[in-house]
Amino acid sequence: MKRRDAIKQIGLTLGYSAIAPSALNILQSCTSEVEKWTPVFFTEEESIVIKHLVDLILPKTEATPGALDVNVPEFIDLYAFKAYNEKKKASYKIEIEGILNALNIPKTKAKDLTTENYTTLLDKYLRASKTEEKQFKTENNLVYKALLNLRNQTVWAYRTSEMVGEQVLAYDPIPASQKGCVSLEETTNGKAWSL
């Protein structure tokens, strides 16, 4: 039940009387727990693959949250659904299908893949030598293009998340003064500024 619906029900059932224990039960049914992600653009198989790849691209460390901690897969899914036009959605789907084919998803289920399967794919395309990169670009390799796009989207979504902007990057909600030519080490301890 959504909180807004619950409040409407309380208002309708209680009028102006005091909030009874049953009304509090309605509000408590609106938990703030993270619900299971239901993708709106990706299929279930695609969402599993995207989630694993994004986690390997930006994993959680002792000092920083990971991509999964700031809901990057959910953001990418919703962004593709809401911001892309039909032509871009179709080409993006083709890219994602290319990744799935490279992982043999048509023959295997995404949930059966191991971290090693994903790591091997990422290493092949995102840690390629300059010669291999040139060859991928010359061949217009779909998987290479799709993984580069996914990595760029992951980094962009991660850096623009509220948690990373306020807790990881240098953050000043109300900049007080402008200092000219000073080093980043001096002003923010080497952290990039949050935009």
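Residues numbered from 1 in each chain as written. Predicted model: local features only at pLDDT ≥ 70, side-chain atom pairs only at ≥ 80, totals over all residues. Heavy atoms only, no water.

### Details of the confidence of the model for the protein chain
Okay, so step 1: Summarising the model, the protein chain shows a mean pLDDT of 79, and 70% of its residues fall at 70 or more.
Okay, so step 2: Considering only residues more than four positions removed or in separate chains, one finds that residues 10–34, a stretch of pLDDT under 50, has 18 contacts. (pLDDT = per-residue confidence, 0-100. Contact = heavy atoms within 4.5 Å.)

### Looking at the packing of helix 3 (residues 44–57) against helix 5 (residues 86–102)
Okay, so step 1: It is the contact of helix 3 with helix 5, at a shortest axis distance of 11 Å, that shows an interaxial angle of 75 degrees. The angle between helix 3 and helix 5 places the two elements in the roughly perpendicular class. Residues Glu45, Glu46, Val49, Ile50 and Leu53 of helix 3 lie in contact with helix 5, whose contacting residues are Lys93, Ile96, Glu97, Ile99 and Leu100.
Okay, so step 2: A per-class count over the contact of helix 3 with helix 5 returns six nonpolar, no polar and four charged. (Axes fitted to C-alpha atoms, helices over the stretch in contact; angles between N-to-C directions. Helix = DSSP H or I, 4+ residues; strand = E, 2+ residues; numbered from the N terminus. Parallel < 35°, antiparallel > 145°, perpendicular 65-115°, else oblique. Nonpolar A, V, L, I, M, F, W, Y, C, P; charged D, E, K, R; others polar.)

### Comments concerning the environment of Tyr118
Okay, so step 1: Structurally, Tyr118 is set in helix 6 (residues 115–126).
Okay, so step 2: On the accessibility criterion, Tyr118 (0% relative accessible area) is buried.
Okay, so step 3: Taking the C-alpha atoms as reference points, Tyr118 and Ala102, separated by 16 residues in sequence, lie 9.9 Å from one another. (Buried < 20%, exposed > 50% of the residue type's maximum accessible area, 1.4 Å probe, protein only.)

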